[in-house]
Amino acid sequence: MGAGNLLPPFLNPDPLPASEAKFGVLPFGFEGTVSYGAGTSQGPRAILEASAQVEFYDETLACEPCRAGIITYPEPILPENPGEAVSAVREATAAILQDGRLPVVLGGEHSISLGVYQALSEKYPGLGVIQFDAHADLREEYQGTPYSHASVMARIREETRDVLQLGIRSLSLEEAERISANSYAVGLMKNLRGQTFDVKAALAKLPEKVFITFDVDALDLSLVRSTGTPEPGGFTWDEINALLELIFDQKQVVGFDLVELCDGDAPSAYTIAKLAYRMMGLCCRCDGRNSK
Ligand SMILES: [Mn+2]
């Protein structure tokens, strides 16, 4: 844990000079409030190592997104206390923004996303949030801490109303009642599949600039098995790509994180490395469209 955790760069070797890099990848393997499966502390390493197997050329976007430049930051010293971890990831994310780069944060458990959001919303006031997750993460607190991975969206929703939660298929009665009482925008998986939740309409209600927080347990277990709180019935690869295309077409994504991968099987880590790279590619494609 902490500094000295030597990690390989994303998509090694990076063919571009680091000084020009558009993307700043931040490994942050905080694992302090995990309730079930352990191993998210090694999630960043698993993703970074797997990224060496990802092709530079993105076959769906017909370009090499890495030409925009990707630099991987050293993993900061990780505190043991969840509240301090949120502050630490907030500072590290702010430093990437200060460098003029788009932050791509690799967790680590989901509790860190509050800090990522805080840094981004400081730079982009009025920022919206899109969460991909099997879980609502709306518990007021969990196992004695308000900074639990199971409470992260409750904390973020205290800071902004502009939140859209997608792929949810596991929640407590308390969370279900909170969603209904507050009319939260939550696309339960059963309603996405049943086409009774209109994603386009929900996106239209969000601000132009958004942060995407991606809990890898949003994906089906055939794609990602190595995660702290696995849940059946997740997004297929084609479903998630279609949803991301829709989001990147309609919104400006100013940062994203991928959290809750555990070091386990190679296919899970490779899937998340490819997903991170696909999201970078979608950012680049939108830049191209905006500059035309
Ligand atoms: Mn989750």
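All values derive from a computational prediction rather than experimental measurement.

## Overview of the nonpolar core
Taken as a class, soluble globular proteins show a tendency for nonpolar side chains to be buried jointly.
Stage number 1. With 88 residues, the main nonpolar core has Ile47, Phe211, Ile272 and Ala276 as its most contacted residues.
Stage number 2. The element best represented in this core is helix 9 (residues 266–291), accounting for 12 residues.
Stage number 3. The contacts of isoleucine 272, once residues within four sequence positions are left out, are Ile47, Val216, Val224, Leu258 and Leu261.

## Quick look at unusual backbone geometry
Stage number 1. Cis geometry marks the peptide bond from glycine 107 to glycine 108; its omega dihedral reads 10 degrees.
Stage number 2. Along the chain, glycine 108 falls in the loop between strand 3 (102–107) and helix 3 (113–123).
Stage number 3. Despite not being glycine, glutamine 195 has its phi angle at roughly 55 degrees, a positive value.
Stage number 4. You can see glutamine 195 is positioned in the loop between helix 6 (189–193) and helix 7 (199–204).
Stage number 5. Owing to 8 C-beta atoms within 10 Å, glutamine 195 belongs among the exposed residues under this scheme.

## Some thoughts on the pairing of strand 7 (residues 209–215)
Stage number 1. Here strand 7 lies mainly inside the structure; six of its seven residues are buried.
Stage number 2. Looking at chain direction, strand 4 (residues 128–132) and strand 7 are connected through five bridges and run parallel. Within strand 7, the residue paired with glutamine 131 across the bridge is threonine 213.
Stage number 3. Where strand 7 and strand 8 (residues 252–259) come together, seven bridges link them in parallel fashion. Following the sheet pairing, phenylalanine 211 is matched in strand 8 by glycine 255.
Stage number 4. Crossover handedness for the path strand 7 to helix 8 (residues 237–250) to strand 8: right-handed.

Cut-offs used in this document
Residues numbered from 1 in each chain as written. Predicted model: local features only at pLDDT ≥ 70, side-chain atom pairs only at ≥ 80, totals over all residues. Core = buried A, V, L, I, M, F, W, Y, C linked by C-beta atoms within 7 Å. Buried ≥ 20, exposed ≤ 12 C-beta atoms within 10 Å, placed from the backbone. Helix = DSSP H or I, 4+ residues; strand = E, 2+ residues; numbered from the N terminus. Contact = placed C-beta atoms within 7 Å. Pairing = 2+ DSSP bridges. Right-handed = clockwise from strand over helix to strand, strands pointing away.

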